[in-house]
Amino acid sequence: MAIKRSSDSPDPDRAYKTNRSKQSSYEVTLLSPQANTQETENNEAKIRPQKLADYIGQKKLKGILNMAIAAAKDRADPLDHLLLYGPPGLGKTTMSLILAAEMGVDCKITSAPALERPRDITGLLVSLKPGDIIFIDEIHRLNRMTEELLYPAMEDFRLDVTIGKGQTAKTRSIPLPPFTLVGATTKAGALSSPLRDRFGIIQRLRFYELDELTLIVKRTAEILQASITEAGAIEIARRSRGTPRIANRLLRRVRDYVQVEKVATITEELAAIAMNLFDVDAQGLDWTDRLVLNTIIKQFNGGPVGLEAIAAATGEDGKTIEEVYEPYLLQNGYLSRTHRGRTVTAKTYRHLGYQPQESEPQQTELL
């Protein structure tokens, strides 16, 4: 016998579906990372300085760019093409965004590996407005065809496009508005001479001094709403390998540590404890840096030893060692390169707690 339900009586199935719908809606709202993502993006945008006056460090470069910006504005012309080279993390992308803000134009950011086909760079160039800035990261990795398309675009502000194939092929020139190309590379020597010579301004970004990094750490801490002492900022800056990107990354990790430990302020002692936890020592050497140096000392008696032997002994990729770890070790006197291979220095022995070995002087390879 079927039971007839009154229209006023509650339907348990409908109530369950309604509650489930509300619960699902609540869970979607609760688990959605949109709010946290937006907050993170806002912090990232604030960390990057918006004006040249707010950019800390690189005094010589800022002086040259200030003069170039003032002259370009006075002539009502776009900036000359600019090539920035140097180790990663020193602010090349940030500088291009600042130049666009100072000139009051848009900045289009891309990287050389993303410009695989001619139509990639063609679409980017034809979408420009007068005075716009194009930033190409790792510009030394441009393929030949894309690079050759840039030659007339940089010099004469025109784009030469080939239409058709074979005997019916025709070349058509498309006029482009005046623009500024900002190229960034970690290997200036890898650029071809025709491309390098078309840049009007070529500048190298240097590693940052301790006082400059300290100011960067304090500024970032204020943006992230993390309380930090002067000594705490110096401790983080000292271990940042002269690089703002590393300084900001270490600050975030230290902030996580003090937050978990329920401490209100980042002090020198807490910063040291946190960075030791992440295997970053007092001189900024991480676990892989020390692995490479210890391997040379223990297995190869301090060197000389070839790069392939170091890579095999450590299990690290040789190219990674050469491009990521070696530059800092070479520039700070922990490693030297001779005509016979890599050798560690007396500074390395002292830092790692070994007794320096007496060895005959070796001729340093000219790099």
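It should be noted that the structure appears before, not after, this text.
Residues numbered from 1 in each chain as written. Predicted model: local features only at pLDDT ≥ 70, side-chain atom pairs only at ≥ 80, totals over all residues. Heavy atoms only, no water.

Caption draft 1: Representation of the pattern of salt bridges. According to the stated counting rule, one finds 16 salt bridges in the structure shown. Between R290 and D279 there is a salt bridge, with its nearest N and O atoms 3.9 Å apart. Linking R290 in helix α12 (residues 287-300) with D279 in the loop between α11 (268-277) and α12, this pair joins segments that are 11 residues apart in sequence. Residue class for D279 comes out partly exposed when judged on its relative accessible area of 35%. Where R342 meets E326, a salt bridge forms, and the shortest distance between an N and an O atom there is 2.5 Å. One end of the pair, R342, is in strand β11 (residues 341-344); the other, E326, is in helix α14 (residues 318-331), and 16 residues separate them in sequence. (Salt bridge = Lys/Arg side-chain N within 4 Å of Asp/Glu carboxyl O. Helix = DSSP H or I, 4+ residues; strand = E, 2+ residues; numbered from the N terminus. Buried < 20%, exposed > 50% of the residue type's maximum accessible area, 1.4 Å probe, protein only.)

Caption draft 2: Fine view of the pairing of strand β10 (residues 335-338). Of the two faces of β10, the one carrying L335 and R337 and the one carrying S336 and T338 are both buried. Note that β10 and β11 share four bridges and pair antiparallel. Considered in β11, the bridge of L335 is made with V344. (Pairing = 2+ DSSP bridges.)

Caption draft 3: Summary view of the packing of helix α3 (residues 59-75) against helix α4 (residues 92-103). Following both chains from N to C, one finds α3 and α4 inclined at 30°, their axes separated by 11 Å at the closest point. Considering their axes alone, α3 and α4 lie roughly parallel with respect to each other. Taken as a pair, α3 and α4 cross one another with a handedness that is right-handed. Where α3 abuts α4, its residues L61, L65, I69, A72 and K73 lie against M95, L99, E102 and M103. (Axes fitted to C-alpha atoms, helices over the stretch in contact; angles between N-to-C directions. Parallel < 35°, antiparallel > 145°, perpendicular 65-115°, else oblique. Left-handed = near helix turned anticlockwise from the far one by under 90°. Contact = heavy atoms within 4.5 Å.)

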